[in-house]
Amino acid sequence: MKKILGFAAAIALSLAIVPASAADKLKVGFVYVGPVGDHGWSYQHDQGRKAIEEKFGDKVETTYVEKVAEGPDAERAIERLARKGSKLIFTTSFGFMEPTLKVAKRFPDVKFEHATGYKRADNVSTYSSRFYEGRYIIGQIAAKQSKSGVAGYIASFPIPEVVRGINAFMLGAQSVNPDFKLKVVWVNSWFDPGKEADAAKVLIGQGADIVTQHTDSTAPLQIAQEQGVHGFGQASDMAAFAPKAQYTSIIDDWASYYINRTQAALDGTWKSEDTWGGLNEKMVVMADYTNLPDDVKKAAQETEAKIASGELHPFQGPITKQDGSVAVKEGETVAVGELLGMNWYVKGIDDQLPQ
Amino acid sequence: MKLVLEKRSEHSEFMTLMSPLLAIALTVFTGAIIFAIQGLNPFEALYVYFIEPLTSMWSLEEVFVKAAPLILIGAGLSVCYMANVWNIGAEGQLTMGAIVGSIVPIVFTSWQSPLTLVAMIALGALGGALYGAIPAFLKNRFNANEILTSLMLVYIAQLFLDWVVRGPWKDPKGFNFPQSIAFEGWQLFPTLGDGRVHIGIILAVIAVVILTVLMSRTLKGFEILVIGNSPRAGRFAGFSRKKIVWFCLLLSGGLAGIAGIGEVAGPSGQLQPTVSPGYGFTAIIVAFLGRLNPIGVLFAGVMLAITYIGGEAAQIDLGVSDKTAQVFQGILLFFILACDTLILYRIKMLTSTKQQSVAAE
Amino acid sequence: MDATQAVILTIITASTPLLLAAIGELVTERSGVLNLGVEGMMVMGAVCGFAAAYTTGNPYIGILAGVFGGVALAFFFAILTQTLATNQVATGLALTLLGLGLSGLIGESFVGLPGVKLQQLSIPFLSTIPFIGPILFGQDILVYASVALIFATTYVLFKTRVGLIIRSVGDNHNSAHALGYNVIAVRYACIMFGGACSGLAGAYLSLAYTPQWIENMTAGRGWVALALVVFSTWLPKRLAIGAYLFGAVWIMGLYVQALGFGIPSQFLSSLPYVVTIIALVIISGNKTLTRVNTPACIGQTFVPDR
């Protein structure tokens, strides 16, 4: 094997052409946890990357690494981007939190942006979206449109982000129909079309006529269409996959945030901060409301406007937890810290949270 | 015209040396074509892929970070496969090693002693070995196929890990995110130099040395070779196939377990829902590339680590997609396997024989 | 639709790709060849099937393309393991690696496109029978194909001369060779049959199960199929039982969750694997069954002396 290396080295060295580095451009790096072809989480981040390229043209150069496993590999991928001259690096999965901080310590002049985490440093910002705002809206739509009064929720992993979404959906639904029922299936995967489809079928079989998901594939919506029920898209607009079944979709739109942060880096005004943007900041965007009666559509748009303006907060009291204790009193909203680490269900959800 | 193989009377020394070189040459050639099709400069791409990882201290260190678990697991598997014991569940044994080894830093958080790390490594090995013992027991007691049971146990181990880090071992200050508390300095594998290379690579080399001695100098090694080559001959010699199954699975499971705790207490520094990016499966390839010889595994592990690191570099430097790297790796393996044929066989061209009529097309 | 019926329909869909891939591998293994590349051939079938169906708008052309994708990869495997006598385990693993990478490359431009769905056949009158109608007479063509393949392989393997040759090649390639059979040719054919079935299974995923293309969409089903073959002790009928059993446990895990008992989902998700191990232990314990049916030469390289 030594010989192999030696031989290969000899060949390639003799032919080596060292890539020239582009001067003066701001290099922006991205680290994705999934393939850009997942048409979900990583795909949407990549759309944001493309938006940067489009907006800044020659002033920036973007690179990405996809399918980076959370854990030891992530640190190397991030460090490699830093070593290759990226001055602004977006790490787009929670599991990249510690690796990002470790690399950031070694590269104080590089700016890092970590999605969905909670640890910051002088050169590490965090950002995330208030997807739960969209989930409150779809909860309302679900309760208005459901005939059986039961919705099914396909959930990935019991992390606060997902639990928050389930609660927001339920609170939205309860604001329309206090007796609304919600069944939850955890598929233990972000991305397994087959299993998501199976879960959708099981939920529909148990009486759900609305299917919603916090997983990335379009499979549940396709099943909904096949079986004549309705659902909501996730991460991107999935109408093309189920034109008759999709009411709307909660779109992750990272473009505006990525453009702002790149601009700040170019201007030299970048500083470490925490961004948690929602409908108002256009980081959460609702796809067109389709397949809905006019009054439901109008009500949804009104709720959307109210949430965006801050008039309505999905986690406004009074809220009772599943165990009957009071989460927040009337006139208050759930504190940010509590939202970030949410590990309890609101009353009425037909599931027990894995502890 | 038709190609046929003719067995050589003895291994060809010449081909033993030439075959890897030929494989590399063919891979380089095919790779160049693939890169050219994608509109890249093939020379530049090949440089990034194979040479660049070796040109800087940092990436060289990263090669060893990646190679350490591959060698540890691959060495154990090579002994297994030599004995015709098909453990393909090293990934699960690695996961259980990581979990059991983490008992020390997570449950006995404040126990600070020179023995802390020793205990962690020992428990890691124990966890992996015990998990490897399950297929061994099922094989010996119920004749259950170990390929299947060890593979099924991988999924179970991963789901168990998932439950552990989301449930009982969740960091109480972690906003309910799935991760354990971060290990303290004395609970981490010491690093060699200022990069991420840790003592795992030393453990890997030690394992290779011990296994080399075991296979070439001890009765156990001889038993393994005999039973692997011919179970009947083994029986006549009075060797117990069952004992070998136990030995192989405990050994390879234990080594995988050490690799597991090495990942957690090394580069990771805490227990997370995923411990390894499939090292347990990649190590199977490493074992074969190393021709089921511990020393060969040492080089194969480094070699495979280079292609991983190179593939990552190619993504960033050239915008080559991750898929190309995977295809490239697959082709490399094919060529290496195919060229190994030349060691044992001579390829002859038949232009007209009666065999031709029944030849498979 | 009544709940039991819905569950049964879901189980059939979940089991069919496993069954298709496993029946091909069963024949391959019967001829003495262990092809661990099922996952790779399956994912190639999925991408080729999707691409062809999307381009032509015809799911049946998609099915053919899926078969082609699986066979192409299997042919590669056959050249290496049969003509060049490489180690089957290593080659199979490399095949999986190649299939996953290659399918990703081919599929890059097909991500995020709505696929062409393979429609159910809905046999007139019969499919309207309450309860059993949709289950027995309202499936798509690949479900029927999977069932037909079970009977066909049982018949061919145990009632015909071809089957006898395949089995004798798998049980003792030296004596089969001495009897004048072309061991290599038989194995080539069986490997390609395995590839065709895996390709079919992949096409089922991207055309019927979830009509879309996504990278790695097989999500480990190829490995489960491999496990099922061992579980079946190389008998097609037992294979069918195994596939449906696995599908049933898989779906019941989700079903029980939706009922809301609060059992940790990880335990329910691991249930199918636990059940497979237990079932395997029970079946393997019966030594007469396994010993009779296990192809004795499985995984061994054969090079004819001349």
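Residues numbered from 1 in each chain as written. Chains lettered and ligands numbered in written order. Predicted model: local features only at pLDDT ≥ 70, side-chain atom pairs only at ≥ 80, totals over all residues. Heavy atoms only, no water.

What counts here: UniProt positions are given in the numbering used here, feature names are shortened, and annotations may be inferred rather than shown by experiment.
An unreviewed UniProt entry annotates chain C as ABC transporter permease of Kiloniella spongiae. Regarding chain C, the relevant UniProt record gives this comment under Subcellular location (unreviewed entry): "Cell membrane".

Under an unreviewed UniProt entry, the name given to chain A is DNA-binding protein, and the organism recorded is Kiloniella spongiae.

1. A look at the sheet that holds strand 12 (residues 284–286) of chain A
Residues and elements named next belong to chain A. Test applied: Two strands are said to pair when DSSP picks up at least two bridges between them. Put simply, DSSP H or I for four residues or longer makes a helix, DSSP E for two residues or longer makes a strand, and each gets a number counted from the N terminus. Throughout, a residue-residue contact means that at least one pair of heavy atoms, one from each residue, lies within 4.5 Å. Here an angle of 0 to 180 degrees is reported between the N-to-C directions of two axes, which are lines fitted to C-alpha atoms, with helices fitted over the stretch in contact.
Read across the open sheet, the 7 strands follow the order 12-10-9-8-6-7-15; overall the sheet is mixed. Edge strands, defined here as strands with exactly one partner in the open sheet, are strand 12 and strand 15 (349–350). Bridge count for strand 6 (residues 150–155) against strand 8 (residues 210–214) is 5 bridges, and the pairing is parallel. Residue pairing for strand 8: Ile 154 is matched across the bridge by Gln 213. Against the sheet, helix 8 (residues 219–226) makes contact with strand 6, strand 8, strand 9 (230–235) and strand 10 (246–252), and its axis sits at roughly 165° relative to strand 9, the strand it touches most.

2. Observations regarding the interface of chain A and chain C
Heads up, the condition is: Buried area adds together the accessible area that both of two parts lose upon being put together, with accessible area traced by a 1.4 Å probe. Every case where a carboxyl oxygen of Asp or Glu lies within 4 Å of a side-chain nitrogen of Lys or Arg is listed as a salt bridge. Any pair of N or O atoms that falls within 3.5 Å is considered a polar contact. Within protein, one atom must be able to donate a hydrogen and the other to accept it, and sequence-neighbouring residues count only if both atoms are side-chain atoms.
Each side of the interface is counted separately: chain A has 36 residues, and chain C has 34 residues. With both sides pooled, the region where chain A packs onto chain C buries about 2,900 Å², and carbon together with sulfur makes up 56% of that total. Our count for the contact surface shared by chain A and chain C stands at 3 salt bridges. Between Glu226(A) and Lys117(C) there is a salt bridge, with its nearest N and O atoms 3.4 Å apart. Linking chain A with chain C are 14 residue pairs in polar contact (both at pLDDT 80 or more).

3. Side note on the side chain of Arg80(A)
Test applied: To sort residues, take the accessible area from a 1.4 Å probe on protein chains only and compare it with the maximum for the residue type: under 20% means buried, over 50% means exposed, and anything in between is partly exposed.
Relative to the helices and strands, Arg80(A) resides in helix 3 (residues 72–83). Given the relative accessible area of 3%, Arg80(A) is considered buried. Excluding its chain neighbours within four sequence positions, the residues that come into contact with Arg80(A) are Glu52(B), Trp58(B), Ile309(B), Glu312(B), Ala313(B) and Ile316(B).

4. Considerations on the packing of helix 6 (residues 115–142) of chain B against helix 7 (residues 146–166) of chain B
Residues and elements named next belong to chain B. Stated precisely, the cut-off is as follows: In this scheme, a crossing is called left-handed if the near helix is turned counterclockwise away from the far one by less than a right angle; it is called right-handed if the turn is clockwise. Ten residues, namely Ala, Val, Leu, Ile, Met, Phe, Trp, Tyr, Cys and Pro, are considered nonpolar, four, namely Asp, Glu, Lys and Arg, are considered charged, and the remaining ones, Gly among them, are considered polar.
Two elements in contact, helix 6 and helix 7, have axes whose closest approach is 9 Å; the angle formed by their N-to-C orientations is 145°. The hand of the helix 6/helix 7 crossing is right-handed. The segment helix 6 lies against helix 7, with Tyr 131, Ile 134, Pro 135, Leu 138 and Lys 139 engaging Glu 146, Thr 149, Ser 150, Leu 153, Ile 156 and Ala 157. Split into classes, the residues belonging to the contact of helix 6 with helix 7 amount to 7 nonpolar, 2 polar and 2 charged.

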